[in-house]
Amino acid sequence: TIGTPMNAISQGVRAKVVMVLAHKPFFVLIARDHIKAVKDLRGRTIAISNVGGSLDLSLVWILESFGMKRSEIQVLPTGNTRNAFIALQSKRADAAMLVSPLDFLLEKEGGYTPLAYLDELVEAPLHGWVTTEKHIRTKRDQVKRLIKGTLEGIAYTKAHREEAIPLLNKIL
């Protein structure tokens, strides 16, 4: 995600976003089944990957969208989204901020309810390429090749859906 680098840039790190790959985040707040609404999370524990990262900021956006403050919940930083997923499964957390397709895996398993999809609440860049200003100046050709290769990969995937869909199905 580009949330952490964007945070660093806002604090003075000399870097640039050179390409945005997804303009809407695929983040979801998912909870154990007995929790039916975001407001039911008051006083409960929510697993996130890292404090200050994209999922943490997304959690704040979701809470505020439902009239809540972060101070009303407990946050469990787990280091990465896979660990947040495990914290929810093991009942160390009541809910978790996850990235698709982890939410689909939990829904298939049963016993979990998606409470909010961030893409329905906000439009914000999710994935992209970020590099330092120095790297852009000194290795401009490499940055151009990265962007060109990414665009070619996207075009190939769209043109060869019959190859791409089975690969995605294996993940889901």
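Summarised in this report is the structure supplied together with it. (Residues numbered from 1 in each chain as written. Predicted model: local features only at pLDDT ≥ 70, side-chain atom pairs only at ≥ 80, totals over all residues. Heavy atoms only, no water.)

Let us now look at the pattern of salt bridges. Counted according to the given criterion, the structure contains 8 salt bridges. The partner of R14 in a salt bridge is E133, and the shortest N-O contact between them spans 2.8 Å. Taken as a pair, R14 in the loop between helix 1 (3–10) and strand 1 (15–20) and E133 in helix 5 (residues 133–138) lie far apart in primary sequence, 119 residues in all. Exposure remark for R14: the relative accessible area of 59% places this residue in the exposed category. (Salt bridge = Lys/Arg side-chain N within 4 Å of Asp/Glu carboxyl O. Helix = DSSP H or I, 4+ residues; strand = E, 2+ residues; numbered from the N terminus. Buried < 20%, exposed > 50% of the residue type's maximum accessible area, 1.4 Å probe, protein only.)

To continue, consider the pairing of strand 2 (residues 27–32). Here strand 2 lies mainly inside the structure; 6 of its 6 residues are buried. The pairing of strand 2 with strand 5 (residues 95–99) spans 5 bridges and is classified as antiparallel. When the sheet's bridge partners are listed, I30 is paired in strand 5 with A96. (Pairing = 2+ DSSP bridges.)

Attention now goes to the nonpolar core. Membership of the largest hydrophobic core comes to 20 residues, with the highest contact counts inside it found for L29, V38, L41, L59 and M97. At the level of secondary structure, the elements contributing two or more residues to this core comprise strand 2, strand 3 (45–48), helix 2 (54–65), strand 5 and strand 6 (112–117). Excluding residues that lie within four positions of it along the chain, L29 makes contacts with V38, L41, I46, L59, I62, A95, A96, M97, T113, P114, L115 and A116. (Core = buried A, V, L, I, M, F, W, Y, C linked by side-chain atoms within 4.5 Å. Contact = heavy atoms within 4.5 Å.)

Looking now at the sheet that holds strand 5. Pairing within the open sheet is mixed, and its 5 strands lie in the order 4-3-5-2-6. Every other strand in the sheet has two partners, leaving strand 4 (74–77) and strand 6 as the edge strands with one partner each. Each neighbouring strand pair of the sheet contributes to a mean axis angle of 30°, computed without reference to strand direction. Running at roughly 145° to strand 5, helix 3 (residues 81–89) makes contact with strand 2, strand 3, strand 4, strand 5 and strand 6 of the sheet. (Axes fitted to C-alpha atoms, helices over the stretch in contact; angles between N-to-C directions.)

Taken together, the side chains of L21, W129, L146, L151 and I154 define a hydrophobic patch exposed on the protein surface, amounting to about 400 Å² of accessible area. Element by element, the count of residues in the nonpolar patch is highest for helix 6 (residues 140–159), at 3 residues. Along the chain, W129 falls in strand 7 (residues 128–132). With relative accessibility at 32%, the residue W129 sits in the partly exposed group. (Patch = residues over 30% accessible without salt bridge, like charges linked within 9 Å, V, L, I, M, F, W, Y side chains within 5 Å. Areas by Shrake-Rupley, 256 points an atom, 1.4 Å probe, with all protein chains shown as cover.)

Along helix 4 (residues 102–109), the residues that are buried comprise L102, D103 and L106. The buried residues of helix 4 occupy an angular sector of 100° when projected down its axis, which confines them to one face. The inward-facing, buried residues of helix 4 contact strand 2, helix 3, strand 5 and strand 6. Backbone geometry just after helix 4 places G110 at a positive phi near 90°. (Arc of directions from axis to C-beta.)

Turn by turn, an α-helix covers 3.6 residues, leaving residues three or four places apart pointing in a common direction. Residues A84, F85, A87 and L88 constitute the buried set of helix 3. Buried residues along helix 3 cover an arc of 160° about the axis, so they all sit on one side. Considering only its buried residues, helix 3 is in contact with strand 2, strand 3, strand 4, strand 5, helix 4 and strand 6. Capping of helix 3 at its N-terminal end is provided by N80; its side-chain oxygen lies 3.1 Å from the backbone amide nitrogen of R82. Positive backbone phi, at 70°, marks K91, one or two positions downstream of helix 3. (Polar contact = N/O pair within 3.5 Å; in protein donor to acceptor, adjacent residues only side chain to side chain.)

Keep in mind these values describe shape, not function.
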